[in-house]
Structure formats: structure tokens, C-alpha cells
Amino acid sequence: LFTVSVLVLASGCGYNEVVERDEDVKAAWANVENQYKRRADLIPNLVNTVRGAADFEKKTLQDVVEARSKVGQLQIDASTIDDPSKLQAFERAQNQLSGALSRLMVVVERYPQLRATDSFRDLQAQLEGTENRIAVARKRFIEAVAAYNKVVLRFPSSIGAGLRGKEVRPTFEGDPANETPPTVGFE
């Protein structure tokens, strides 16, 4: 009788819903990581293509290479989505890389011969597509975390969350620096 009572209570307390939402968050996070890896994999090809431009600004390239290196040094694992400081460090490194790439694209505007090459145009199109995929993956992750957090906080599913030791998860936050697009200036 006790076992039956526990099973009935567990099914009504959202225990299974917590499991389901937890798995949704993990799947969404895996997609975010996948898209960021895709971008990181494209960057060396982009840098090598740009490096071929005779008098291209070395500082801009160095910033991109260093930002990519910082992203690569981060230890990302399943605990990242549960640890606000790890998630913020990941987001900060990705934002630095995004900023460096934005500055690179602005500087590239000054080099029509570079923009005209097929390899650069192909890489730029792949990078733009990847940035869109990153935006979609982040959006889905944010939505999955929001749905998970609602289940964890809402009664009676909060009981099931407590039984599993699950707490509210952090999510991505907007970076105020990204609110202003880079400007293209011609000297």
C-alpha cells in the first residue's frame, strides 16, 4: 500500500515532467554548443583567407585568433548549464569572439579585392549562416530553460524537482555591448 501511495504521489508531483524538461534543456544546450563549435571551426579558414590580403590589419586578426583561443580553453561540460558562473564565463568568451568577428567584418569592408574572392564570400556566407543558427539555438535554449524553471518553481511539480535535487537553472543574458551594431567607416 505504501509503495502504491508513493507512486501515485510521485506521478502527481511532476517528477516525470521535471525529468522531461531537464532532458529538453540538455538537448537545447547541446545544440548551442554544436553551433558555437561550428563557428569556431570556420574561424581558422576565415583568418587564413583574410591573412592573404597584403596589408590587412594584423591587430584585428590577432584579436579574432585570441578570442577564439579563449573560447577553446573553456572547459564546457554538462555542469555548465547548472552553474551560473560557468555559463557567464562561456557567454563572456563567446561575446568577445562575436565582437572580434564583427570588427573583422567591418575592417574587411575596406578591402574590395578580399571581398571579391570566392573563398572569402563562401566563408562569410557560412559564418553568417552559423551566426543565425547560433541565435536560433540560443533562443531554443532560453525557451527550454524557461519551461524547466517554471516546472521547478510551480506547485506541485516543485515537489518532484525537490525529490530529484533540481533547482532553477541560469540562462543566457543579453550583453549591453551587443545593442549597438559596429559602424563601417571609410577613411
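Computed from a prediction, not measured in an experiment: that's the story for all the values here. Position labels on residues start from 1 in each chain and follow its written sequence. Side-chain atom pairs in this predicted model are given and counted only at pLDDT of 80 or more, local residue features only at pLDDT of at least 70, and totals for whole chains, interfaces and linings cover all residues. Based on all heavy atoms of the structure, the side-chain values leave hydrogens and waters out of the count.

Q: Can you break down the overall build of the protein chain residue by residue, with the values?
A: When you go through the protein chain residue by residue, the secondary structure sums to 7 helices and 0 strands. Secondary structure elements of the protein chain occur, N-terminal to C-terminal, as α-α-α-α-α-α-α. Relative accessibility thresholds used throughout: buried, under 20% of the residue-type maximum; exposed, over 50%; partly exposed, between the two (1.4 Å probe, protein chains only). Burial statistics for the protein chain: of 187 residues in total, 35% are counted as buried. We call two residues in contact when some of their heavy atoms are within 4.5 Å. Contacts in the protein chain between residues at least 24 apart in sequence constitute 81% of all its contacts with a sequence separation of at least 6. Residue-level accessible areas treat just the shown protein chains as cover; the underlying method is Shrake-Rupley with a 1.4 Å probe. Split by element, the accessible area of the protein chain, about 11000 Å² in all, is 55% carbon and sulfur. Secondary structure elements are defined from DSSP: runs of H or I of at least 4 residues count as helices, runs of E of at least 2 residues count as strands, and each element is numbered from the N terminus.

Q: Explain the packing of aromatic side chains residue by residue, including any values.
A: Ring pairs shown here join Phe, Tyr and Trp side chains whose ring centres sit within 6.5 Å, with only the six-membered ring taken for Trp; geometry is labelled stacked below 30 degrees between planes, edge-to-face above 60, and tilted in between. Using the criterion set out here, one finds 5 aromatic pairs in the structure. Taken together, the ring pairs connect Trp29, Tyr36, Phe90, Phe141 and Phe172 into an aromatic cluster. We note Arg138 situated over the ring of Phe172; from NZ or CZ to the ring centre the distance is 3.9 Å. Should the NZ of a Lys or the CZ of an Arg lie within 6 Å of a ring centre and within 35 degrees of the ring normal, that charge is described as sitting over the ring. One Lys or Arg, Arg169, reaches over the ring of Tyr148 and ends 4.6 Å from the middle of that ring.

Q: Tell me about the nonpolar core, residues and numbers included.
A: Core analysis: the biggest nonpolar cluster contains 22 residues, and Leu46, Val50, Val64, Leu101, Leu104 and Phe120 have the highest contact counts within it. Looking at this core, the elements that each hand over two or more residues are α2 (15–51), α3 (58–73), α4 (84–108) and α6 (118–153). Top contributing element to this core by residue count: α4, with 8 residues. What we call a nonpolar core is a set of buried Ala, Val, Leu, Ile, Met, Phe, Trp, Tyr and Cys residues that are connected through their side-chain atoms within 4.5 Å. If you look at the next biggest cluster of nonpolar residues, it comprises 19 residues, including Val18, Val25, Tyr36 and Tyr148.

Q: Would you mind going over a nonpolar patch on the surface in detail, with residue names and values included?
A: Together, Tyr15, Phe155, Ile159 and Leu163 give the surface a local cluster of nonpolar side chains, amounting to about 430 Å² of exposed area. For Leu163, the position within the fold is in helix α7 (residues 157–164). For patches, a residue must show more than 30% relative accessible area and have no salt bridge; joins then use 9 Å for like charges and 5 Å for nonpolar side chains, namely Val, Leu, Ile, Met, Phe, Trp and Tyr. Criterion for a salt bridge: a side-chain nitrogen of Lys or Arg within 4 Å of a carboxyl oxygen of Asp or Glu.

Q: Go over the layout of surface pockets with me, naming the residues and quoting the values.
A: By volume, the second largest pocket amounts to about 200 Å³. Grid points spaced at 1 Å over the protein atoms alone were grouped into cavities, where a 1.4 Å probe fits but cannot get out, and pockets, open sets with protein on both sides within 12 Å along at least five of seven lines, with lining residues defined by an atom within 4 Å of a point. Every residue lining the second largest pocket is listed: Glu33, Tyr36, Lys37, Ala40, Arg68, Val71, Gly72, Leu74, Ile76, Phe90 and Gln94. Contributions of two or more residues to the lining of the second largest pocket are made by α2, α3 and α4. Counting residues per element, the lining of the second largest pocket draws most heavily on α2, at 4 residues. Ten residues, namely Ala, Val, Leu, Ile, Met, Phe, Trp, Tyr, Cys and Pro, are considered nonpolar, four, namely Asp, Glu, Lys and Arg, are considered charged, and the remaining ones, Gly among them, are considered polar. Residues that form the lining of the second largest pocket fall into these classes: 6 nonpolar, 2 polar and 3 charged. Grid points are joined across faces, edges and corners, and a volume is the space filled by probe spheres set on the points.

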